[in-house]
Amino acid sequence: QVQVVESGGGLVQTGDSLRLSCTASGRTWTVMGWFRQAPGEGREFVGAVRWSGGSIFYADFVKGRFTISRDAAKKSLYLQMNSLKPEDTAVYYCAASYADYSRSADGMNYWGKGTLVTVSS
């Protein structure tokens, strides 16, 4: 069993930066990633890391604004978000999986409760 906890959300203004953190416990996973869900929308892939080796994958919309990093010793994953836009407003979820990398939320096994990011215009 893997337990996942996110932190770092909040209310920011357009153009601001925010760093989300995710800490997990349990048997080491294969992939850990970030998803987001805007009001009335489905859960959207943001990016993911293959834990062994550190390969990182991003959604196209990230376009260099977001950066994912990890601290394997701390079993932690981070999402640095720069140049935030109102359309980035969403609940951001961290998730882990023992399956290989997938952009589908269905491919992730363990989820945190999410942290809300609100970007005001």
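None of the values given here were measured: they were computed from a predicted structure.

Trainee: Help me understand the state of the cysteines, please; the structure alone is not making it clear to me.
Mentor: Where two cysteines share a covalent bond between their sulfur atoms, that bond is called a disulfide. On inspection of all chains with the given rule, the structure shows one disulfide. There is a disulfide in this structure between C22 and C94, and the S-S distance comes to 2.1 Å. Of note, the bridge from C22 to C94 carries an S-S torsion of about -75° and is left-handed in sense. With a gap of 72 residues between them, C22 in strand 3 (residues 18–25) and C94 in strand 9 (residues 90–97) connect regions that are remote in the sequence. Given the relative accessible area of 0%, C94 is considered buried.

Trainee: What exactly am I supposed to notice about the side chain of S76 here?
Mentor: Within the element layout of this structure, S76 appears in strand 8 (residues 76–81). Overall, S76 belongs to the buried group, its relative accessible area being 4%. S76 has contacts with C22, T23, W51, S69, R70 and D71, leaving out every residue within four places of it along the chain.

Trainee: Help me understand the sheet that holds strand 7 (residues 66–71), please; the structure alone is not making it clear to me.
Mentor: Across a sheet, paired strands are connected by hydrogen bonds in the backbone, their directions being either parallel or antiparallel. The four strands are arranged 1-3-8-7 in an open sheet whose pairing can be described as antiparallel. A single partner strand is all that each edge strand has here, and the edge strands are strand 1 (3–7) and strand 7. Looking at each pair of strands side by side, their axes are set apart by 15° on average, direction ignored. Both strand 3 and strand 8 contribute to a ladder of six bridges, which runs antiparallel. Bridge pairing in strand 8 places C22 opposite L77.

Trainee: Got a minute to help me understand the pattern of salt bridges in this structure?
Mentor: Pairing is possible between side chains that carry opposite charge, provided their charged atoms lie close to one another. Using the criterion set out here, one finds four salt bridges in the structure. When the shortest N-O distance is used, the salt bridge between D100 and R50 registers 2.8 Å. Of the two residues, D100 is situated in the loop between strand 9 and strand 10 (110–111) and R50 in strand 5 (residues 43–50); the sequence distance between them amounts to 50 residues. Its relative accessible area of 44% is what places D100 among the partly exposed residues. Because the salt bridges share partners, they merge into one network encompassing R36, E44, R65 and D88.

Definitions and limits used
- Residues numbered from 1 in each chain as written.
- Predicted model: local features only at pLDDT ≥ 70, side-chain atom pairs only at ≥ 80, totals over all residues.
- Heavy atoms only, no water.
- Disulfide = S-S within 2.5 Å.
- Helix = DSSP H or I, 4+ residues; strand = E, 2+ residues; numbered from the N terminus.
- Buried < 20%, exposed > 50% of the residue type's maximum accessible area, 1.4 Å probe, protein only.
- Contact = heavy atoms within 4.5 Å.
- Pairing = 2+ DSSP bridges.
- Axes fitted to C-alpha atoms, helices over the stretch in contact; angles between N-to-C directions.
- Salt bridge = Lys/Arg side-chain N within 4 Å of Asp/Glu carboxyl O.

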